[in-house]
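# Breakdown of the fold
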Amino acid sequence: MPRLLTLRPRTSQRQPNLSSDTQIAQEALTFADLGLSPKVLSAVTDAGYTEPTPIQAGAIPHALLGKDILGIAQTGTGKTASFVLPMLTRLEKGRARARMPRTLILEPTRELAAQVEENFIRYGKNHKLNIALLIGGVSFDEQDKKLERGADVLIATPGRLLDHRERGKLLLNGVEILVIDEADRMLDMGFIPDIERICEMIPFTRQTLFFSATMPPEITKLTEKFLHAPVRVEVSKAASAATNIVQRLVKSGSKPWDKRETLRNLIKAEDAELKNAIIFCNRKVEVSELFRSLLKYDFDAGALHGDMDQRARMQMLANFRDGKLRYLVASDVAARGLDIPDVSHVFNYDVPIHAEDYVHRIGRTGRAGRSGKSFTIASKSDTKYIDAIERLIGTKIEWHDGDLSTVVASEGAEDEAPRRGRGAPRRAGRKDDDRKDRSERKPRERHARQSEDAAPDGAREEQPVAAETAVADIGERRARKEAIRSENTERQASPERKASPNRSDQRAPERGDTRPQRDRPARQRQEDNDATVGFGDDMPAFMRIVAKV
DNA sequence: AAAAAAT
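Each residue is numbered by its place in its chain's sequence as written, counting from 1. As a convention, the first chain written is A and the first ligand written is 1, with the rest following in written order. Where local features are concerned, this predicted model is filtered to residues with pLDDT of at least 70; where side-chain atom pairs are given and counted, the filter is 80 or more; whole-chain, interface and lining totals use all residues. Processing note: side-chain calculations cover all non-hydrogen atoms of the structure and skip hydrogens and water entirely.

### Quick look at the overall build of chain A
What counts as a helix is a DSSP run of H or I of at least four residues, what counts as a strand is a run of E of at least two, and both are numbered from the N terminus. Scanning chain A from N- to C-terminus turns up 22 helices and 14 strands. Accessible area is worked out with a 1.4 Å probe on protein chains only. A residue is then buried under 20% of its type maximum, exposed over 50%, and partly exposed in between. For chain A, the proportion of its 549 residues judged to be buried stands at 57%. Contacts are residue-level and defined by heavy atoms, with any inter-residue pair within 4.5 Å sufficient. Within chain A, contacts between residues separated by at least 24 positions form 77% of all contacts whose residues are at least 6 apart in sequence. The protein chains shown are the only cover counted for residues, whose accessible areas, like all others here, come from Shrake-Rupley with a 1.4 Å probe. Surface summary for chain A: the accessible area is close to 23700 Å², and the carbon and sulfur share equals 50%.

Have a look at this one:
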């Protein structure tokens, strides 16, 4: 409903019904025209930007005048800089007092909060500002110190912010500028009561900058309550992802191991074009399982989801951004807002249950006008979600290599299994899998395959799937085998990652690890795979104001 | 059928 609005291509602020002359004049608009201070301007120039995006052009002048802003924009539109830059300019006057931050930015996730901090550091490099990042999952000590010192900029997730306040370490009545970012997502996450509480702690004389990608009724209500005569700036991404992102559906059997195999084959087939990829799963356990499976198969993968320890989260993300990891297996924590320039591929290991998540996920590639590719692995049970996605984006997504009817034909036995077994005991499914095995394997080896394939089902009992454990596992293993990303594990420092020769891999080992290894006992296979291959990569500088809208 | 966030 109202959420769908964003997906409809909308005329941007830059090209309204103006004469062509005016349009040219508008095209030539630069950051220097917006009224930003010289310090800010020089940092922006150093970062390599001259031309503001529509949301920046629309919001910055008003924000500088102290007006409230209602910004309706998705991430990827340059939204962050549209509040960071004017805030920096306005912060040049005045000083922070202990425990009384001058500005507050609320973000729904820790990663987004950290990302905003990066922006303040980058564009505030000519300022001497104290920036405090208050997020959960890390110790209070350092955060306390920064608050005590007096923060000019406070960036927080709601829970930790309130926690600090209850501990009496934080006074919000000195806040001059309040930013509420990704408000609709805060709504989804049930943060609205917290947001209301926080808003009520801040004097109404403040300036409020409010951003949301969509405007559901609850959000509209919130803006009516907390914004004063806001200037409304509304933009959308050009053609909402469709144009520069190649989208494909990939048929697969529905079992986890089918999907994992489909994914591996797909990754290998895309290897030449694939610079790096985010692989989305619907659930955290799937992230952990797929992550470990990919490592086992020598893929240079990291994982990211909300149950992971914060250090690991940060490290994984940083490593992925820096090109030290080629693959990032992630939950939807990474679907929205994260700005990782130059992700060449997005794989949906699961079809997202909510169609709009699809748009957010594939939007992690094809950023800043680049091209990108997205593949969505689909099995038969996914058709209704695919229908919903296609309805939402208004086009049919092409099948990569034949649609699901071909799956039935070629993998019939396997796919029949769940159906026949629906009312029947679980065993039925197993049996059918075995039957398939028989046709492919020597009997002697069958039990090995079985135990391996049973692992996903039995994983909950047999293997710890808690993310922390998984990550620790990984850490352990990597350390054991002269790991690539030493800084990634707490265990021990290991040698600097070798600049990898096998980046453009026609990797022979890869071939070896699918078929032949499959025919060996699982344990042995795992050991064989215990050498992680280092991939080199080159990744352009992190963070940019995404240019084109 | 999920994920996110305070401990």
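### A short note on the sheet that holds strand β4 (residues 153-156)
Only when DSSP finds a minimum of two bridges between them are two strands counted as paired. With parallel pairing, seven strands are arranged side by side in an open sheet as β3-β4-β2-β5-β6-β1-β7. Lying at the two open borders of the sheet, with one neighbouring strand each, are β3 (131-134) and β7 (231-234). For this sheet, the mean angle separating the axes of adjacent strands, direction not counted, is 15°. Here helix α4 (residues 79-91) sits on the sheet and contacts β2 (103-106), β4, β5 (177-180) and β6 (207-212); the angle it forms with β6, its principal contact strand, is near 170°. An axis is simply a line fitted to the C-alpha atoms; with a helix, the fit covers only the stretch in contact. Between two such axes, the angle follows the N-to-C directions and lies from 0 to 180 degrees. Strands in contact with helix α10 (residues 217-226) are β1 (69-72) and β6; relative to β6, the strand with the most contacts, it is inclined by about 170°.

### Notes on the pairing of strand β11 (residues 327-330)
By the alternation rule, side chains of β11 split into Y327 and V329 and L328 and A330, which are all buried. Alignment of strand β9 (residues 277-280) against β11, held across four bridges, turns out to be parallel. In the strand pairing of β11, F280 is matched with A330. Across four bridges, strand β10 (residues 301-304) lies against β11 in parallel orientation. Following the sheet pairing, L304 is matched in β11 by A330.

### Comments concerning the environment of I198
Tracing the backbone shows I198 in helix α9 (residues 192-201). For the pair I198 and P158, spaced 40 residues apart in sequence, the C-alpha separation works out to 8.2 Å. In contact with I198, other than residues within four places in its own chain, are L104, L106, P158, L161, L162 and L172.

### Some words on the protein's contact with DNA strand B
By nearness alone, 25 residues border DNA strand B, and T157, R160, K284, G306 and Y385 come closest of all. For each residue, the test is whether any non-hydrogen atom lies within 4 Å of the molecule or strand; if one does, the residue is near. If you look at DNA strand B and keep only atoms within 4 Å of the protein, 62% of those are sugar or phosphate atoms. As used in this structure description, the phrase polar contact means that two N or O atoms lie within 3.5 Å; if the pair is within protein, one of them must be able to donate a hydrogen and the other to accept it, and residues adjacent in sequence are counted only when both atoms belong to side chains. Contact distances for DNA strand B include 3.1 Å between a phosphate oxygen and a backbone N or O atom of G136. Contacts to DNA strand B include G137, whose backbone N or O atom sits 3.3 Å from a phosphate oxygen. Of all the secondary structure elements, the ones that give two or more residues to the surface near DNA strand B are α7 (158-166) and α15 (383-393). If you tally residues by element for the surface near DNA strand B, the top one is α7, at four residues. Gly is put with the polar residues, along with every residue not named as nonpolar or charged; the nonpolar set is Ala, Val, Leu, Ile, Met, Phe, Trp, Tyr, Cys and Pro, and the charged set is Asp, Glu, Lys and Arg. In terms of residue class, the surface near DNA strand B is made up of six nonpolar, nine polar and ten charged.

### Observations concerning unusual backbone geometry
Positive phi is not limited to glycine here, since E182 has a value of about 55°. Located in the positive-phi region is A229, a residue other than glycine, with phi close to 45°. When you line up the elements, A229 lands in the loop between α10 and β7.

### A closer look at the nonpolar core
What we call a nonpolar core is a set of buried Ala, Val, Leu, Ile, Met, Phe, Trp, Tyr and Cys residues that are connected through their side-chain atoms within 4.5 Å. Among the nonpolar cores identified, the biggest contains 42 residues, and L263, I279 and F347 are the most heavily contacted of them. At the level of secondary structure, the elements contributing two or more residues to this core comprise α11 (256-269), β9, α12 (284-296), β10, α13 (310-321), β11, β12 (345-348) and β13 (372-378). The greatest single-element share of this core, amounting to five residues, is contributed by α12. Apart from the residues within four sequence positions on either side, I279 is in contact with L263, I267, L290, L294, Y327, L328, V329, A330, F347 and Y349. Among the nonpolar cores identified, the runner-up in size contains 40 residues, and L34, L64, F120 and V153 belong to it.

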